[in-house]
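# Fold and contact review
If you want the building blocks of each chain, they are given just below.
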Amino acid sequence: MKPNPLYFRTEFLQSATTLREAPPDEGREVAFAGRSNAGKSSVINTITQRKNLARTSKTPGRTQLLNFFQVTDSCRLVDLPGYGYAKVPKAMQAAWGKAMENYLADRQALQGVFLIMDIRHPLTDFDWQLIDWCSQTNLELHLVLTKADKLSRGAAGNTLLQVQRRVQSEGITASAQLFSSLSRSGLETAHSVLDHWLHANL
Ligand SMILES: Nc1nc2c(ncn2[C@@H]2O[C@H](COP(=O)(O)OP(=O)(O)O)[C@@H](O)[C@H]2O)c(=O)[nH]1
Ligand SMILES: [Mg+2]
């Protein structure tokens, strides 16, 4: 398996605070979701080989917008607001949640969700909420256990298996993979899932 250089041409398109501000609901898009600090921006930067496309931040919870990135004329990647940052007021958290839920439920172009989880803290309550939303709206789901470099190869493999079992035991269908933005391991797998969902095979 080789990386697909198509994703390396990705450009920032626009931000939106509500679904009404989003680009026209046409073509195909894949959304990236995850808890603040899980490593979501780093995954997007690695997948697109752009150092600062999705701003990697040491201050978690600052990304409060839906950010749209253009891969081709008809294909987009979408960075969803990081959820579950404790220092943000509850009301604001609720507003983000609402925007996210609306987007997941109503967006016709949306093909599926990459759920980014820190391999050391997988399947938090917030992750389960997102998994439930995806399952209720019949959205495809791909679980990305990132920062795999933080564990030994064996421990990372075990965590992947455990996460797959937990999700399966709830009757949820989802694919899953290990990833590291540090070593770029898992990049080809992530590209192949995107190719599949976006019909972006070159
Ligand atoms: N070791 C390691 N650190 C990572 C990895 N991905 C992200 N980080 C670090 O984790 C922190 C949060 O990453 P970021 O991408 O901003 O998370 P986000 O809030 O989910 O967008 C940053 O300090 C990153 O440098 C990874 O694959 N390996
Ligand atoms: Mg981020």
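Residues numbered from 1 in each chain as written. Chains lettered and ligands numbered in written order. Predicted model: local features only at pLDDT ≥ 70, side-chain atom pairs only at ≥ 80, totals over all residues.

### Regarding the nonpolar core
By size, the foremost hydrophobic cluster in this structure holds 46 residues, and its most contacted members are Phe32, Leu115, Ile116 and Val144. Here the element with the most residues in this core is strand 5 (residues 110-118); it accounts for six residues. The residues touching Leu115, leaving out its near neighbours within four places in the chain, are Ala33, Gly34, Asp127, Leu130, Ile131, Leu141, Leu143 and Val144. (Core = buried A, V, L, I, M, F, W, Y, C linked by C-beta atoms within 7 Å. Buried ≥ 20, exposed ≤ 12 C-beta atoms within 10 Å, placed from the backbone. Helix = DSSP H or I, 4+ residues; strand = E, 2+ residues; numbered from the N terminus. Contact = placed C-beta atoms within 7 Å.)

### Description of the site of ligand 1
Taken together, 20 residues form the shell around ligand 1, and within it Gly39, Lys40, Ser41, Ser42 and Ser181 come nearest. In terms of residue count, the dominant contributor to the shell around ligand 1 is helix 1 (residues 40-48) (three residues). Here the residues of the shell around ligand 1 are counted per class, giving three nonpolar, 12 polar and five charged. (Near = placed C-beta within 6 Å. Nonpolar A, V, L, I, M, F, W, Y, C, P; charged D, E, K, R; others polar.)

### Considerations on the sheet that holds strand 7 (residues 175-178)
The strand order across the open sheet built from seven strands is 1-3-4-2-5-6-7, with neighbouring strands paired in mixed fashion. The strands lining the two open edges of the sheet, one partner per strand, are strand 1 (11-16) and strand 7. Mean inter-strand twist for the sheet, computed between neighbouring axes without regard to direction, equals 25 degrees. Note: strand 1 against strand 3 (residues 66-72), five bridges, orientation antiparallel. When the sheet's bridge partners are listed, Glu11 is paired in strand 3 with Gln70. Packed on one face of the sheet, helix 1 meets strand 2 (28-34), strand 4 (75-79), strand 5 and strand 6 (140-146) and runs near 145 degrees to strand 2. Where helix 4 (residues 153-169) meets the sheet, its contacts fall on strand 6 and strand 7, and the angle it forms with strand 7 comes to roughly 165 degrees. (Pairing = 2+ DSSP bridges. Axes fitted to C-alpha atoms, helices over the stretch in contact; angles between N-to-C directions.)

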